[in-house]
Amino acid sequence: MKSLGILLSGRGSNFVAIADSIDSGRIPETKIGVVISNKADAAGIATARQRGLNALVIPSKGRPREEHDREVVAALKQHGVDLVCLAGYMRLLSPWFVQQFPHRILNIHPSLLPAFPGLEAQEQAFAYGVKVSGCTVHFVDEELDHGAIVVQKTVPVLDGDDEHTLAGRILEQEHVAYTEAINIVLGGKSTVIGRRLVTNVTSMRGTI
Ligand code: GAR
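Being a predicted model, the structure only gives us computed values, none of them experimental.

Caption draft 1: Structural context of the overall build of the chain. Helix and strand counts for the chain stand at six helices and nine strands. Its C-alpha atoms give the chain a radius of gyration of 17 Å, near enough to 17 Å, the size a compact globule of 208 residues would have. C-alpha atoms of the chain, sized along the principal axes, occupy 50 × 45 × 35 Å. Counting every position in the chain, which comprises 208 residues, the buried fraction comes to 48%. About 10200 Å² of surface is accessible on the chain, with carbon and sulfur atoms providing 53% of the total.

Right, here's the structure in full:
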(Lines give C-alpha, C1' and ligand atoms only; values in the text may rest on other atoms or scores of the structure.)
Protein backbone atom coordinates (compact mmCIF):
# COMPACT_ATOMS: atom_id res chain seq x y z
CA MET A 1 0.00 0.00 0.00
CA LYS A 2 1.51 3.35 -1.10
CA SER A 3 0.83 6.51 0.84
CA LEU A 4 0.24 9.98 -0.58
CA GLY A 5 0.85 13.28 1.18
CA ILE A 6 -1.34 16.07 -0.16
CA LEU A 7 -0.33 19.72 0.28
CA LEU A 8 -2.94 22.40 -0.44
CA SER A 9 -3.74 26.03 0.28
CA GLY A 10 -7.34 26.50 -0.83
CA ARG A 11 -10.42 24.95 -2.40
CA GLY A 12 -8.97 21.46 -2.74
CA SER A 13 -10.82 20.17 -5.80
CA ASN A 14 -7.71 18.37 -7.05
CA PHE A 15 -7.34 16.73 -3.65
CA VAL A 16 -10.99 15.59 -3.81
CA ALA A 17 -10.46 14.18 -7.32
CA ILE A 18 -7.45 12.20 -6.06
CA ALA A 19 -9.37 10.96 -3.00
CA ASP A 20 -12.32 9.92 -5.20
CA SER A 21 -9.94 8.06 -7.54
CA ILE A 22 -8.52 6.16 -4.59
CA ASP A 23 -11.99 5.35 -3.19
CA SER A 24 -13.22 4.07 -6.55
CA GLY A 25 -10.08 1.99 -7.24
CA ARG A 26 -8.84 4.13 -10.15
CA ILE A 27 -5.67 4.63 -8.09
CA PRO A 28 -5.17 1.13 -6.69
CA GLU A 29 -3.40 0.05 -3.50
CA THR A 30 -2.90 3.61 -2.37
CA LYS A 31 -4.09 5.69 0.55
CA ILE A 32 -3.86 9.32 1.58
CA GLY A 33 -1.52 9.37 4.58
CA VAL A 34 -1.95 13.02 5.43
CA VAL A 35 -3.37 16.27 4.04
CA ILE A 36 -1.48 19.42 5.04
CA SER A 37 -2.50 23.03 4.50
CA ASN A 38 -0.43 26.12 5.14
CA LYS A 39 -3.70 28.04 5.60
CA ALA A 40 -6.12 27.35 8.45
CA ASP A 41 -9.17 28.49 6.45
CA ALA A 42 -8.50 26.34 3.35
CA ALA A 43 -11.74 24.64 2.29
CA GLY A 44 -9.69 21.59 1.31
CA ILE A 45 -8.59 20.95 4.89
CA ALA A 46 -12.22 20.99 6.11
CA THR A 47 -13.09 18.49 3.38
CA ALA A 48 -10.18 16.28 4.42
CA ARG A 49 -11.45 16.25 8.00
CA GLN A 50 -14.99 15.42 6.82
CA ARG A 51 -13.58 12.49 4.89
CA GLY A 52 -11.88 11.21 8.04
CA LEU A 53 -8.35 11.76 6.77
CA ASN A 54 -5.38 12.94 8.80
CA ALA A 55 -5.53 16.69 8.27
CA LEU A 56 -2.97 19.17 9.55
CA VAL A 57 -2.63 22.93 9.38
CA ILE A 58 0.99 24.10 9.49
CA PRO A 59 0.77 27.89 9.12
CA SER A 60 3.42 29.48 6.91
CA LYS A 61 2.67 33.18 7.33
CA GLY A 62 5.57 35.18 8.68
CA ARG A 63 7.87 32.18 9.04
CA PRO A 64 11.18 31.56 7.25
CA ARG A 65 10.56 29.19 4.34
CA GLU A 66 12.91 26.46 5.44
CA GLU A 67 11.70 26.45 9.04
CA HIS A 68 8.14 25.90 7.79
CA ASP A 69 9.30 23.31 5.27
CA ARG A 70 11.12 21.35 7.98
CA GLU A 71 7.88 21.03 9.92
CA VAL A 72 5.96 19.95 6.82
CA VAL A 73 8.60 17.38 5.83
CA ALA A 74 8.67 15.99 9.38
CA ALA A 75 4.89 15.47 9.24
CA LEU A 76 5.09 13.83 5.78
CA LYS A 77 7.81 11.45 6.98
CA GLN A 78 5.97 10.72 10.22
CA HIS A 79 3.00 9.57 8.12
CA GLY A 80 5.19 7.37 5.91
CA VAL A 81 4.41 9.26 2.70
CA ASP A 82 5.81 7.77 -0.54
CA LEU A 83 4.68 10.52 -2.92
CA VAL A 84 3.93 14.18 -2.22
CA CYS A 85 1.18 15.77 -4.34
CA LEU A 86 0.94 19.55 -4.45
CA ALA A 87 -2.73 20.31 -5.10
CA GLY A 88 -3.12 24.07 -5.25
CA TYR A 89 -0.28 24.55 -2.74
CA MET A 90 0.50 28.21 -3.35
CA ARG A 91 3.94 28.18 -1.86
CA LEU A 92 7.41 27.59 -3.28
CA LEU A 93 9.26 24.65 -1.77
CA SER A 94 12.80 25.27 -0.52
CA PRO A 95 15.60 23.33 -2.28
CA TRP A 96 16.04 21.42 0.99
CA PHE A 97 12.40 20.21 0.84
CA VAL A 98 12.80 19.11 -2.79
CA GLN A 99 15.92 17.13 -1.89
CA GLN A 100 14.04 15.18 0.81
CA PHE A 101 11.79 13.51 -1.82
CA PRO A 102 13.80 13.07 -5.04
CA HIS A 103 11.39 12.46 -7.97
CA ARG A 104 8.70 12.03 -5.35
CA ILE A 105 6.94 15.41 -5.48
CA LEU A 106 4.30 16.20 -8.10
CA ASN A 107 2.65 19.54 -8.86
CA ILE A 108 -0.30 20.44 -11.04
CA HIS A 109 -0.32 23.67 -12.99
CA PRO A 110 -3.20 25.08 -15.08
CA SER A 111 -1.31 25.70 -18.34
CA LEU A 112 0.73 23.82 -20.89
CA LEU A 113 4.17 24.42 -19.40
CA PRO A 114 6.58 25.98 -20.16
CA ALA A 115 3.92 28.51 -21.21
CA PHE A 116 2.47 30.68 -18.46
CA PRO A 117 4.21 29.59 -15.26
CA GLY A 118 3.40 31.38 -12.01
CA LEU A 119 0.14 32.81 -10.76
CA GLU A 120 -3.17 33.03 -12.66
CA ALA A 121 -1.97 30.90 -15.54
CA GLN A 122 -5.45 30.57 -17.06
CA GLU A 123 -5.88 34.36 -17.15
CA GLN A 124 -2.39 34.76 -18.63
CA ALA A 125 -3.21 32.26 -21.39
CA PHE A 126 -6.60 33.83 -22.13
CA ALA A 127 -5.15 37.35 -22.28
CA TYR A 128 -2.35 36.17 -24.58
CA GLY A 129 -4.94 34.85 -27.02
CA VAL A 130 -3.76 31.25 -27.26
CA LYS A 131 -6.11 28.87 -29.08
CA VAL A 132 -5.13 25.86 -26.99
CA SER A 133 -4.27 25.71 -23.32
CA GLY A 134 -4.48 22.92 -20.75
CA CYS A 135 -2.75 21.61 -17.68
CA THR A 136 0.50 19.97 -16.68
CA VAL A 137 1.43 17.53 -13.92
CA HIS A 138 5.18 17.65 -13.41
CA PHE A 139 7.87 16.70 -10.93
CA VAL A 140 8.87 19.51 -8.63
CA ASP A 141 12.46 20.65 -8.85
CA GLU A 142 14.17 23.71 -7.44
CA GLU A 143 12.70 26.11 -10.05
CA LEU A 144 9.12 27.36 -10.24
CA ASP A 145 6.79 25.21 -12.40
CA HIS A 146 9.81 23.62 -14.04
CA GLY A 147 10.49 19.91 -13.38
CA ALA A 148 10.10 16.99 -15.81
CA ILE A 149 6.60 16.64 -17.24
CA VAL A 150 4.53 13.56 -16.36
CA VAL A 151 1.14 14.29 -17.98
CA GLN A 152 -0.32 17.12 -20.05
CA LYS A 153 -3.91 17.60 -21.22
CA THR A 154 -4.97 20.10 -23.84
CA VAL A 155 -8.08 22.27 -23.72
CA PRO A 156 -9.24 24.37 -26.69
CA VAL A 157 -9.97 28.05 -26.09
CA LEU A 158 -13.43 28.72 -27.55
CA ASP A 159 -14.62 31.99 -29.05
CA GLY A 160 -17.27 32.31 -26.35
CA ASP A 161 -14.84 31.73 -23.48
CA ASP A 162 -13.84 34.14 -20.78
CA GLU A 163 -11.04 33.37 -18.32
CA HIS A 164 -13.52 31.74 -15.92
CA THR A 165 -15.12 29.32 -18.39
CA LEU A 166 -11.66 28.43 -19.68
CA ALA A 167 -10.37 27.85 -16.13
CA GLY A 168 -13.40 25.60 -15.43
CA ARG A 169 -12.71 23.38 -18.44
CA ILE A 170 -9.01 23.23 -17.60
CA LEU A 171 -9.92 22.20 -14.04
CA GLU A 172 -11.96 19.23 -15.33
CA GLN A 173 -8.86 18.04 -17.16
CA GLU A 174 -6.66 18.66 -14.11
CA HIS A 175 -8.75 16.17 -12.18
CA VAL A 176 -8.22 13.51 -14.85
CA ALA A 177 -4.53 14.32 -15.31
CA TYR A 178 -3.57 14.04 -11.64
CA THR A 179 -4.93 10.50 -11.33
CA GLU A 180 -3.05 9.45 -14.48
CA ALA A 181 0.18 11.01 -13.26
CA ILE A 182 0.01 9.36 -9.83
CA ASN A 183 -0.55 5.97 -11.46
CA ILE A 184 2.41 6.52 -13.80
CA VAL A 185 4.76 7.50 -10.98
CA LEU A 186 3.61 4.83 -8.51
CA GLY A 187 3.60 2.26 -11.33
CA GLY A 188 7.40 2.45 -11.25
CA LYS A 189 7.87 1.69 -14.94
CA SER A 190 8.95 5.18 -15.92
CA THR A 191 12.34 6.78 -16.14
CA VAL A 192 13.39 10.41 -16.30
CA ILE A 193 16.14 10.91 -18.88
CA GLY A 194 17.18 14.53 -18.93
CA ARG A 195 13.83 16.29 -18.85
CA ARG A 196 11.95 13.46 -20.55
CA LEU A 197 9.81 10.95 -18.74
CA VAL A 198 9.65 7.76 -20.74
CA THR A 199 7.95 4.49 -19.94
CA ASN A 200 9.22 0.92 -20.34
CA VAL A 201 12.78 1.71 -21.30
CA THR A 202 15.51 -0.78 -20.46
CA SER A 203 18.03 1.81 -19.28
CA MET A 204 18.13 2.15 -15.51
CA ARG A 205 19.41 5.73 -15.61
CA GLY A 206 17.33 7.79 -13.25
CA THR A 207 14.56 5.25 -12.74
CA ILE A 208 11.88 6.81 -10.60
C1 GAR B 1 -5.66 24.52 -9.65
O2 GAR B 1 -6.16 25.09 -10.83
C3 GAR B 1 -4.17 24.28 -9.76
O4 GAR B 1 -3.76 23.90 -11.05
C5 GAR B 1 -3.64 25.65 -9.42
O6 GAR B 1 -4.43 26.07 -8.34
C7 GAR B 1 -5.74 25.50 -8.49
C8 GAR B 1 -6.10 24.81 -7.19
O9 GAR B 1 -7.42 24.36 -7.24
N10 GAR B 1 -2.26 25.59 -9.06
C11 GAR B 1 -1.37 26.52 -9.44
O12 GAR B 1 -1.65 27.51 -10.07
C13 GAR B 1 0.05 26.23 -9.00
N14 GAR B 1 0.99 27.06 -9.72
P15 GAR B 1 -7.95 23.29 -6.20
O16 GAR B 1 -7.59 23.86 -4.82
O17 GAR B 1 -9.42 23.27 -6.42
O18 GAR B 1 -7.27 21.99 -6.47
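Caption draft 2: Up close: the state of the cysteines. Under the definition given, this model contains zero disulfides. Looking at Cys 85, it has no disulfide partner, and the nearest cysteine sulfur is the one in Cys 135, 14 Å off. We classify Cys 135 as buried; its relative accessible area is 0%.

Caption draft 3: Here's a closer look at the packing of aromatic side chains. Across all of its chains, the model carries two aromatic pairs by this definition. Ring centres of Phe 97 and Phe 101 lie 6.3 Å apart, and the angle between their planes is 50°; on these two criteria the pair is classed as tilted. A relative accessible area of 0% places Phe 97 in the buried class. Residue classification places Phe 101 among the buried positions, given a relative accessible area of 7%. Residue placement shows Arg 70 over the ring face of Trp 96; its charged tip is 4.1 Å from the ring centre. Over the ring of Phe 101 we find Lys 77, and its NZ or CZ is 5.8 Å from the ring centre.

Caption draft 4: Structural context of the side chain of Glu 174. Topologically, Glu 174 is positioned in helix H6 (residues 163–187). Leaving out residues up to four positions away in the same chain, Glu 174 has contacts with Asn 14, Ile 108, Pro 110 and Cys 135.

Caption draft 5: A look at the pattern of salt bridges. Inspection of the entire model under this criterion finds seven salt bridges. Between Asp 20 and Arg 51 there is a salt bridge; the shortest N-O distance is 2.8 Å. With Asp 20 in helix H1 (residues 13–23) and Arg 51 in the loop between helix H2 (43–50) and strand E3 (55–57), this pair connects stretches of sequence that are 31 residues apart. By relative accessible area, Asp 20 is classed as partly exposed at 35%. A relative accessible area of 31% places Arg 51 in the partly exposed class. The shortest N-O distance in the salt bridge between Asp 23 and Arg 51 comes to 2.9 Å. Placement of the pair is Asp 23 in helix H1 and Arg 51 in the loop between H2 and E3, with a sequence separation of 28 residues. In this structure, a network of salt bridges that share partners links the residues Asp 20, Asp 23 and Arg 51.

Conventions and cut-offs
Residues numbered from 1 in each chain as written. Predicted model: local features only at pLDDT ≥ 70, side-chain atom pairs only at ≥ 80, totals over all residues. Heavy atoms only, no water. Helix = DSSP H or I, 4+ residues; strand = E, 2+ residues; numbered from the N terminus. Rg over C-alpha atoms; globule rule 2.2 N^0.38 Å. Buried < 20%, exposed > 50% of the residue type's maximum accessible area, 1.4 Å probe, protein only. Areas by Shrake-Rupley, 256 points an atom, 1.4 Å probe, with all protein chains shown as cover. Disulfide = S-S within 2.5 Å. Phe/Tyr/Trp six-rings, centres within 6.5 Å; stacked < 30°, edge-to-face > 60°. Lys NZ or Arg CZ within 6 Å of the ring centre and 35° of its normal. Contact = heavy atoms within 4.5 Å. Salt bridge = Lys/Arg side-chain N within 4 Å of Asp/Glu carboxyl O.

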